[in-house]
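In case you want the letters, here they are:
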Amino acid sequence: MWERHPACPLIIRQSTRGKEATSEMATAVFNTTDHNTIPRIDGDVDDRHGWGFALLLATTATLFVRPADLVPALDNWPIYQFLIVACMIVSARACLNQISNAKLIERPVTASLLVLLVAVAVSHLSHGFLWAARMSTYEVGKLIALYALITGLVNTPARLEFFVRWLTITITTMATLVLLDHFGILSIAALESIQDRGVVQDGTAEQVERIRGTGIFQDPNDLGLILVTGLVFCASFLTKPRTGLVRYGWLIPAAVLMSALALTHSRGALLSLICAISTGLCYFRGGKLSVLALPALSLMALAFSSRMSDVNAIHEGTGQDRIQIWSDSMGVWRQYPLFGLGEGLIVDEIGVVTHNSFLHCFAELGFFGGTAFVACFLAAGIGLWSWRRRRENRPADPMPINEPTDAIRHRTQTHGQQSPLTFGPGRSRQTGDLTCDRMDTVDDSVIEHARVCGFLFAALMGCIAAMLTISRQFVAPTYLILGLVAAAVNIPLDATPQGKPVDLRIGNRFLIVSLLAGAASLLVFYVTIRLLVRW
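Right, let's get into the packing of helix α11 (residues 220-238) against helix α13 (residues 267-285). Closest axis-to-axis distance for the α11/α13 pair is 8 Å, and the angle between their directions is 25°. Relative to α13, the element α11 lies roughly parallel. At the point where α11 passes α13, the crossing takes the right-handed sense. Side by side, α11 and α13 meet where Gly224, Leu225, Val228, Leu231 and Val232 of the first sit next to Ala269, Ser272, Leu273 and Ala276 of the second. Split into classes, the residues belonging to the contact of α11 with α13 amount to seven nonpolar, two polar and no charged.

What follows covers the nonpolar core. With 120 residues, the main nonpolar core has Leu56, Phe64, Phe163, Phe377 and Leu460 as its most contacted residues. Top contributing element to this core by residue count: helix α17 (residues 357-392), with 15 residues. Here Phe64 is in contact with Leu167, Thr170, Ile171, Met174, Thr214, Phe217, Ile226 and Leu480, once residues within four sequence places are set aside.

This part takes up helix α21 (residues 508-532). Side chains that are three or four residues apart share a direction in an α-helix, a result of its 3.6 residues per turn. The end-to-end C-alpha separation of α21 is 36 Å, in line with the 36 Å expected for 25 residues at 1.5 Å each. Among all positions of α21, only Phe510, Ser514, Ala517, Gly518, Ser521, Leu522, Phe525 and Ile529 are buried.

Time to look at the pattern of salt bridges. Applying the stated criterion across every chain yields a total of eight salt bridges. Here Lys142 and Glu139 are joined by a salt bridge, their closest N and O atoms 3.3 Å apart. Taken as a pair, Lys142 and Glu139 lie in helix α9 (residues 130-153) at a separation of three residues, close to a single helical turn. Several salt bridges share partner residues, and in doing so they unite Arg66, Asp69 and Asp75 into one network.

This structure, assessed with the given rule, holds 13 aromatic pairs. Considering the side-chain rings of Phe64 and Phe217, the 5.5 Å spacing of their centres and the 10° angle between planes classify their relative orientation as stacked. Residue Phe64 is found in helix α3 (residues 51-64), and its partner Phe217 is found in the loop between β2 (204-210) and α11; the two are separated by 153 residues along the sequence. Between Phe284 and Phe455, the aromatic rings sit 5.1 Å apart at their centres with planes inclined by 50°, giving tilted as the arrangement. With a gap of 171 residues between them, Phe284 in helix α13 and Phe455 in helix α19 (residues 436-467) connect regions that are remote in the sequence. The class for Phe455 is buried, based on a relative accessible area of 12%. Among the aromatic residues, those joined into a ring-pair cluster are Tyr283, Phe284, Trp385, Phe455 and Phe457.

A few words now on the environment of Val109. Here Val109 is to be found in helix α8 (residues 108-125). A sequence separation of 377 residues divides Val109 from Ala486, and the C-alpha atoms of the two residues are 6.8 Å apart. Beyond its immediate chain neighbours, meaning those up to four positions away, Val109 contacts Tyr147, Cys376, Ala379, Ala380 and Ala486.

Moving on: the confidence of the model for the protein chain. Within the protein chain, residue pLDDT values average 80, and 76% of them lie at 70 or more. Predicted confidence in the protein chain is weakest over helix α2 (residues 20-30), with a mean pLDDT of 39, and strongest over α8, with 95. Note that pLDDT drops below 50 for residues 1-44; the model gives that stretch 57 contacts with residues more than four away or on any other chain. Contacts of residues 395-441 to residues separated by more than four positions or lying in other chains number 76 contacts, the stretch itself having pLDDT below 50.

Remark: α3 packs on α9, axes separated minimally by 10 Å, with the N-to-C direction vectors making an angle of 135°. Classified by the interaxial angle, the pair formed by α3 and α9 is oblique. Crossing hand, α3 versus α9: left-handed. Seen from α3, the contacting residues are Gly52, Phe53, Leu56 and Leu63; seen from α9, they are Leu146, Leu149, Ile150 and Leu153. Class assignment for the residues of the contact of α3 with α9 results in seven nonpolar, one polar and no charged.

What counts as what
- Residues numbered from 1 in each chain as written.
- Predicted model: local features only at pLDDT ≥ 70, side-chain atom pairs only at ≥ 80, totals over all residues.
- Heavy atoms only, no water.
- Axes fitted to C-alpha atoms, helices over the stretch in contact; angles between N-to-C directions.
- Helix = DSSP H or I, 4+ residues; strand = E, 2+ residues; numbered from the N terminus.
- Parallel < 35°, antiparallel > 145°, perpendicular 65-115°, else oblique.
- Left-handed = near helix turned anticlockwise from the far one by under 90°.
- Contact = heavy atoms within 4.5 Å.
- Nonpolar A, V, L, I, M, F, W, Y, C, P; charged D, E, K, R; others polar.
- Core = buried A, V, L, I, M, F, W, Y, C linked by side-chain atoms within 4.5 Å.
- Buried < 20%, exposed > 50% of the residue type's maximum accessible area, 1.4 Å probe, protein only.
- Expected span 1.5 Å × (residues − 1).
- Salt bridge = Lys/Arg side-chain N within 4 Å of Asp/Glu carboxyl O.
- Phe/Tyr/Trp six-rings, centres within 6.5 Å; stacked < 30°, edge-to-face > 60°.
- pLDDT = per-residue confidence, 0-100.

And the structure:
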């Protein structure tokens, strides 16, 4: 019985052309490697048995479908806290690996979040509030822990797809419960609709009934934001290639999410949807089509309620109220420009939240913390966009399926350059060359991952658009989306250059771009306030 000799691969690599038949025979006997398997470059895999990932799924499910809202007897049970602590204990290695020096240099989103955490503490310490600094750091630290769990445990393309699918199902479940309560089929006290101001006509504001979600989605604007995220994810599964008629089943959750979105009567949610669609078109089809589609997307607002499409709200109503609050928050930033007023203290100063997550951070955390918050989304957007370039720059002249290795070498030398898929750790373990069938698998995996990143890019841009109208800088969904994006950017598909994680590093260039982005954000807010505010 033949046994595999450890020196066999070396012998095969050194065989001459005259011994090709002997080499092929030895390879057939000793080679047990699946050539269709993409070579991985991460030697140690965190959460090898999947317990941490299972707890992460349960933790995120409780964010969208809060058990205490469905069963009031569970109101005093800290289910979410128990699940996330258990997940952190099981996945301690995955979490700690995120803050190593080498990882932080290559992951600017994580580094920016840690700077944001420091800015939260400094915003209180600069005023001598030790107790407030400790409490605020603890609360924001829990959100960053959720981010670290997602980036540490969603570490393969299969897990990324499953996690996105799980989020879509849980969001749809919450939307289904809300609709059932709204139409009187179920009666859930936590899901009772609220009355709010609608369109202002002749100085009188109409009253509209707005639905709300469970748990942290009690605000209709928060519910609308996460519904848009769910719609983007449904679109990703509807357009997934080679899935047959099964993919059209995602039209059902898409219809549920769209129906719930219309009943939120949220202008911010409509803005988020338009922004997500336009940026998605820009990612997949280019900027020209995105610009040409804007008029058609604006007409889409006619399908929703008059409150959602009421442009006059900028001059009167809740839209103008928000702009006036922005002006007050800008005044607070002028008083404390460097380290801010202190996290969570803007309500004590002006009576309400800023209704703009980025300006809210500048007012409470100063330029230091506000720039760190902007840098998180800046790095996330750049990382996703870089996958678009990989999708467009994949090899235009792929190797034929049955092309011999010598022909590949000859063709490479003839072109005067080496193919990006024929060197490095991605070579075959037996011959040192990347087999053609494996190359096709690598190319397909890069294209598919770039496609997923495109929908994540649309969801991120929709989130940013909505956050310009609400203050959600320190809530779990914000860090869930950031964690999901950072995980997608950092996932190594394989050992080839195209499959490696995005080369986005902390350096002087990133620091300068972040500072310029922070200053530009303040300038845009200032100009917008001066042009639109009406006292």
